Amino acid sequence: MVGSVLVGAALVMVPVGPWLERLFGLAAFGAWRTLLVAIVVQGVPFLLLGTVVSAAIGAFVPARVFSKVLPRNPVLAVPVAGAAGVVLPGCECASVPVAGSLMRRGVAPAAALTFLLAAPAVNPVVLVSTAIAFPGSPEMVAARFGASLVTAVVMGWLWIRWGREEWLRLPTGHAEHVQGAGRLAAFRRGLQHDFLHAGGFLVVGAMAAATFNVLVPPSVLEVFSDSPWLGVLVAAVLAVLLSVCSEADAFVAASFTGFSPTARLAFMVVGPMVDMKLIALQSGAFGRAFAVRFCAATFVVAVLCCVLVGGVLL
């Protein structure tokens, strides 16, 4: 219900927003509305793709398929799940419902979470967009691929070692457990639930990102760009707050000419794994306790991997 209201409110902002701006003379509100709508419009197609895949997995794919594809040993299943992200194009908005559906089908949480991080970061669409944004710099593409894949795999292994079941609220099935329902009906029911539920959290994350963009002037960021180490942290934090889709973030990173190559790498690696809309989506899908711990750990691991890989390749 809440998700439906938030998604509907975002849609209403498109025609009603300009009227409110003229009525009250709120220029800042106009900028905030534009950014909000842009982030939501950017993310919704990929969120829809993810929920379609999630519902299809729940309705049509038997659980035994995953037991055959993935190794039974979670330690070995993690890198296999990371490699699967290379061949499956998707945005971070799509990865959350897909990961939830994989867990419902019996996939080890560590493997599903590795796929969640890898899929939006190392797929061919993202790598091609990075090559276009950084022409003549194949080392940047290689660095992004390497740092992203290593981060995803390391996080999967860390979950095996230190993750606790009570932190992760496993998503309950909707398409899978409908007694007497046909597969198409189960697919439709799962798609409707997952899209509206995740869509509400996408809007919440987009509102937070748009608010930051409006309230923080660009001049504030220039103060930090001169320090290489501080620049990496600032670029990583920006990735979290700006919430740019992984298919487009390379072009934003390329515009950060005042930052070092490693700092721009951090922006591209952290963003698809930890941003405002992802934190909101993960909180809704897996619980706040999980999202706080997992996103914080992912941020630290991603920054460290960027420093190491950037130091070697850039």
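Source: prediction; values computed, not measured. (Residues numbered from 1 in each chain as written. Predicted model: local features only at pLDDT ≥ 70, side-chain atom pairs only at ≥ 80, totals over all residues. Heavy atoms only, no water.)

Chemist: Please provide a residue-by-residue account of the overall build of the chain, values included.
Modeler: Across its full length, the chain holds 15 helices and zero strands. Residues classed as buried in the chain amount to 48% of the 314 residues present. Within the chain, counting contacts between residues at least 6 apart in sequence, those at least 24 apart form 82% of the total. Carbon and sulfur atoms provide 72% of the accessible area of the chain, an area that totals close to 14200 Å². (Helix = DSSP H or I, 4+ residues; strand = E, 2+ residues; numbered from the N terminus. Buried < 20%, exposed > 50% of the residue type's maximum accessible area, 1.4 Å probe, protein only. Contact = heavy atoms within 4.5 Å. Areas by Shrake-Rupley, 256 points an atom, 1.4 Å probe, with all protein chains shown as cover.)

Chemist: So, the pattern of salt bridges: which residues are in play, and what are the values?
Modeler: Applying the stated criterion to the full structure yields one salt bridge. Put simply, Asp275 and Lys277 hold a salt bridge, and the shortest N to O gap is 2.9 Å. (Salt bridge = Lys/Arg side-chain N within 4 Å of Asp/Glu carboxyl O.)

Chemist: Which residues make up the nonpolar core, and what values go with them?
Modeler: Ranked by internal contacts, the top residues of the largest apolar core, which has 67 residues, are Phe267, Val270 and Phe286. The biggest single contributor to this core is helix α6 (residues 109–122), with eleven residues. For Phe267, the residues in contact, after removing those within four places along its chain, are Ala235, Leu238, Ala239, Leu242, Val244, Asp249, Val252, Ala253 and Phe256. Counting residues in hydrophobic clusters, the runner-up holds five residues, among them Trp32, Leu36, Val40 and Ala210. (Core = buried A, V, L, I, M, F, W, Y, C linked by side-chain atoms within 4.5 Å.)

Chemist: Explain the environment of Val87 to me, using residue names and the numbers behind them.
Modeler: Tracing the backbone through its elements, the reader meets Val87 in helix α4 (residues 74–87). Classification of Val87 as exposed rests on a relative accessible area of 58%. Between the alpha carbons of Val87 and Pro124 there is a distance of 7.0 Å; along the sequence they are 37 residues apart.

Chemist: How would you explain a nonpolar patch on the surface if you had to name every residue and give the values?
Modeler: Taken together, the side chains of Val75, Trp157 and Ile160 make up a nonpolar region of the molecular surface, amounting to roughly 240 Å² of accessible area. Secondary-structure assignment places Ile160 in helix α8 (residues 138–162). (Patch = residues over 30% accessible without salt bridge, like charges linked within 9 Å, V, L, I, M, F, W, Y side chains within 5 Å.)

Chemist: Pulling in residues and values, what's your account of the packing of aromatic side chains?
Modeler: Summed over the entire model, instances satisfying the criterion amount to four aromatic pairs. With a centroid separation of 5.7 Å and an interplanar angle of 75 degrees, the aromatic rings of Trp159 and Phe290 are classed as edge-to-face. Taken together, the positions of Trp159 in helix α8 and Phe290 in helix α15 (residues 288–313) put the pair 131 residues apart, joining distant regions of the chain. By relative accessible area, Phe290 is classed as buried at 1%. Three or more aromatic residues link up through ring pairs in this structure, and these residues are Trp159, Trp167, Phe286, Phe290 and Phe294. (Phe/Tyr/Trp six-rings, centres within 6.5 Å; stacked < 30°, edge-to-face > 60°.)

Chemist: Explain the packing of α8 against helix α13 (residues 261–270) to me, and be specific about the residues and the numbers.
Modeler: Taken N-terminus to C-terminus, the directions of α8 and α13 make an angle of 50 degrees; their axes are 10 Å apart at the nearest point. By the angle class used here, α8 and α13 are oblique. In the crossing of α8 with α13, the sense of the turn from one axis to the other is right-handed. Counted together, Met140, Ala143, Arg144, Ala147, Ser148 and Thr151 of α8 and Pro261, Leu265, Met268 and Val269 of α13 form the full contact between these two elements. Taken together, the residues that form the contact of α8 with α13 break down as seven nonpolar, two polar and one charged. (Axes fitted to C-alpha atoms, helices over the stretch in contact; angles between N-to-C directions. Parallel < 35°, antiparallel > 145°, perpendicular 65-115°, else oblique. Left-handed = near helix turned anticlockwise from the far one by under 90°. Nonpolar A, V, L, I, M, F, W, Y, C, P; charged D, E, K, R; others polar.)

Chemist: Hey, could you go over the state of the cysteines for me, with residue numbers and the actual values?
Modeler: Per the stated rule, a full pass over the model turns up zero disulfides. Cysteine Cys305 remains unbridged, with the sulfur of Cys306 as its closest cysteine sulfur at 7.1 Å. For Cys305, a relative accessible area of 8% corresponds to the buried category. (Disulfide = S-S within 2.5 Å.)

Chemist: Requested: an account of α8, with residues and values cited.
Modeler: The first and last C-alpha atoms of α8 sit 36 Å apart over 25 residues, in line with the 36 Å expected at 1.5 Å per residue. Among the residues of α8, Met140, Val141, Ala143, Arg144, Ala147, Ser148, Thr151, Ala152, Val153, Met155, Gly156 and Trp159 are the ones counted as buried. Of the surrounding secondary structure, the elements contacted by the buried residues of α8 are α4, α6, α7 (124–133), α12 (249–254), α13 and α15. (Expected span 1.5 Å × (residues − 1).)

Chemist: Tell me about α13, and name the residues and values.
Modeler: Taking burial as the measure, the ten residues of α13 include nine buried ones, the bulk of the element. Taken residue by residue, α13 has Thr262, Ala263, Arg264, Leu265, Ala266, Phe267, Met268, Val269 and Val270 as its buried positions. The inward-facing, buried residues of α13 abut α7, α8, α11 (228–242), α12 and α15.

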